[in-house]
Amino acid sequence: MSYTALYRKYRPRTFADVKGQEPIVTTIQNQIMAGRIGHAYLFCGTRGTGKTTVAKIFARAVNCEHPVHGNPCGECSICKAVASGSSLNVIEIDAASNNGVDNIREIREEVTYPPTEGKFKVYIIDEVHMLSMGAFNALLKTLEEPPSYVVFILATTEAHKIPVTILSRCQRYDFRRISTETIAERLTELLEREHAQAEEKAVRYIAKSADGAMRDALSLLDQCMAFYMGEKLTYDQVLSVIGAVDTEQFSSLLRAVVSDDIPAAMRKVEDLVSQGKDLGQFLQDFIWYLRNLLLLQSSDDMEDVLDLSSENLLLLKEECSMIDGMQIMRYIRIFSELSNQIRFSAQKRILIEIVIIKLCRPEMEEHYDSVLARLDRLEKKFEEGVLVRQQPAQPVVPETPVTETTKPEIPKAIPEDIRSVVQNWRKIVADMPSMVRNIVRKAHLSLGGDNLLLIVLDDVFESELVAKEDFVFKDQIADSITRSIGKKVEIQIQANETGQPFADAFVDLEQVIHTDIEYTEDFSDV
C-alpha cells in the first residue's frame, strides 16, 4: 500500500480536530446548528492554517444526514462521498489554473440545477485572488443572489487582491497563525499515534520552524522521521535535516561581530558553508535570535515570553551587556534587507560576508543608525583616551632641499566677540551636549576672516560629521557660544588637511590671546 503523508493522513475530519482556530470553528458550528447558513464565505490567512480543511468539513456538515453538534457524522453515504471526492454536491476549483471568464460561466450554468443528494451544493474556490477581473465580474451577480441551495466558500492567502464588491458580499473569516505551543502539542499527539519518539526540544523547534502553519509542521516532521527511521528524533538531527544552525553558533558569530573581529566572523561563515547549512534558513533564525536579544534587553520581565532554555538565556543575558539596543536594531535591519535579496541570488555566501563586514565597519554605510554606531565608537575612544587621527595619504615625491615653512601671519586686531569666545572656550565646550562635546574639546581655534571663527579638527571624518547639514552639531556649537557671550558669532568647521601641525598652518588664537593677556597684566603691574 502506498504511503500517505502525515498532513494528509491526519487531516481533521471534524471541527473538534481543527487546532488553533477556535473562534472561527465555534461560529461556523453555531450557524450550522441554528440553520443560519450564509450563501458566501471568505476564508483568509497564510498557508497551512486550515482554510481548505474547514471548508471541506463545512461542506460535509451542511449535507450530513446525521450531524452531531454541527459536525459531520462521517458514517453516512454523503459524508463518505464528500471525503472520497466523488460527491457531485461539493465542487473544488483551483482559481490559479481556472481563472478565466469561461470557467466562471460554467459555474453560473451549473448553479441553476439543484443538488442530486443532500441539501446544498458547495463551491470551494481556492486561491480566489488569482481570478481575472473579468472572472470576478462574471462571479459577482451569482455571488450576490445565488439559489438557496448554493454556498460559495472562497479561500485566499491575499485578501487585499480581491475586489471590494466581492468582499462586501461574503462573511469574512481570518485564519490566524497557529501558536508554537498548539503545533507542538499536535505533533506530540501524532508521534504517539505513529509509535515514534522525539525529544521535546526537537518537537518545539519543528513547531517554531513551521511559522504558524500546521501543514508545514507536519511536512517537516514527516521529513525528519523518514531520515532517521526507527530512531528517537533528537534536536541535533532536526537541525541537520532542516539545515538550521544551533543557538551557540549564533552567539559566537554575534560576539565576533560586536568585537569587530572580521577574521573570526568569516571563519564562522566558512563553518556554516562546510557543514552544508541552508544560508537562507540561517538568516531567518539569526534575525529571530537578535529579536530575542532585543526583547530581553528592553525589559526585565521578558524571560517568560522568550521560549528559550536556561543555557541559551544565560548567553543572551551576557550579550545584553555587550551591545546596545540601537546596534541590535541596526543588525536586524541589515539582515532583514539581506533576507529579501538572498532568495534570488546565486552568491548567497558572498552577500552574507559583505553584510558581516558592513556590520563590523559602520563607516561603509551611510544609513542613520550606522552613523550613530560610528559616533558611539568615537565616544568610547574618547572615554578610553584613545584618539585615532586619519591623515590624508601623502603622495610619494622626490626628496627636495628643506626650506623654511612660511609661518601664518598673526592678525593685527582680533574682534572682541571672537576674543570673548577664545577666553571662555573651555566653559563653552563644557556647556555643549555630550556627543558634540567629546569631538569639539580637541579642536583648535583660528581666525578665518574679518569676523569668522575657525574651529579646526585634526580628524577629517569628525570635521565632516560636525559640519554636515543633516545633523545639528554645528547649531549646538553656535548656541553654546551665544549663551556664553550673549552675541552671535559666525563659525566655520574645518579639518587640518595641510599635513602640518596646527600651529605651523594656522594662527592659534588661544596662544595669541593668552600671550596678550599675560603681557597686559605684566604691564599694569609696573
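About the cut-offs
- Residues numbered from 1 in each chain as written.
- Predicted model: local features only at pLDDT ≥ 70, side-chain atom pairs only at ≥ 80, totals over all residues.
- Heavy atoms only, no water.
- Pairing = 2+ DSSP bridges.
- Helix = DSSP H or I, 4+ residues; strand = E, 2+ residues; numbered from the N terminus.
- Axes fitted to C-alpha atoms, helices over the stretch in contact; angles between N-to-C directions.
- Contact = heavy atoms within 4.5 Å.
- Parallel < 35°, antiparallel > 145°, perpendicular 65-115°, else oblique.
- Left-handed = near helix turned anticlockwise from the far one by under 90°.
- Buried < 20%, exposed > 50% of the residue type's maximum accessible area, 1.4 Å probe, protein only.

S.K.: So, the sheet that holds strand β6 (residues 444–447): which residues are in play, and what are the values?
M.R.: Strand order in the open sheet formed by three strands is β6-β7-β8, with mixed pairing between adjacent strands. Edge positions in the open sheet fall to β6 and β8 (490–495), since each of these has one partner strand only. Sheet twist, expressed as the mean angle between neighbouring strand axes with direction ignored, is 30 degrees. In this structure, β6 lies alongside strand β7 (residues 452–457), joined through four bridges in antiparallel fashion. Residue pairing across strands places H444 opposite V456, the latter belonging to β7. Sitting on the sheet, helix α23 (residues 473–485) touches β7 and β8, and the angle it makes with β8 is about 135 degrees.

S.K.: Can you explain the packing of helix α14 (residues 279–298) against helix α16 (residues 325–342)? Please cite residues and give values.
M.R.: Viewed as axis vectors pointing N to C, α14 and α16 meet at an angle of 160 degrees, and their least axial separation amounts to 10 Å. The angle between α14 and α16 places the two elements in the roughly antiparallel class. Between α14 and α16 the crossing geometry is left-handed. For the pair formed by α14 and α16, the contact residues are L283, F286, I287, L290, R291, L293, L294 and Q297 on the first element and G325, I328, M329, Y331, I332, F335, S336, L338, S339 and I342 on the second.

S.K.: An account of the pairing of strand β1 (residues 40–45) is needed here, citing residue identities and associated values.
M.R.: Most of β1 is tucked away, with six of its six residues classed as buried. Side chains A40, L42 and C44 of β1 all project onto a buried face; the interleaved residues Y41, F43 and G45 project onto the opposite face, where all are buried too. Where β1 lies against strand β4 (residues 150–156), five bridges are found, and the strand directions are parallel. If you follow F43 over to β4, its bridge partner there is A155.

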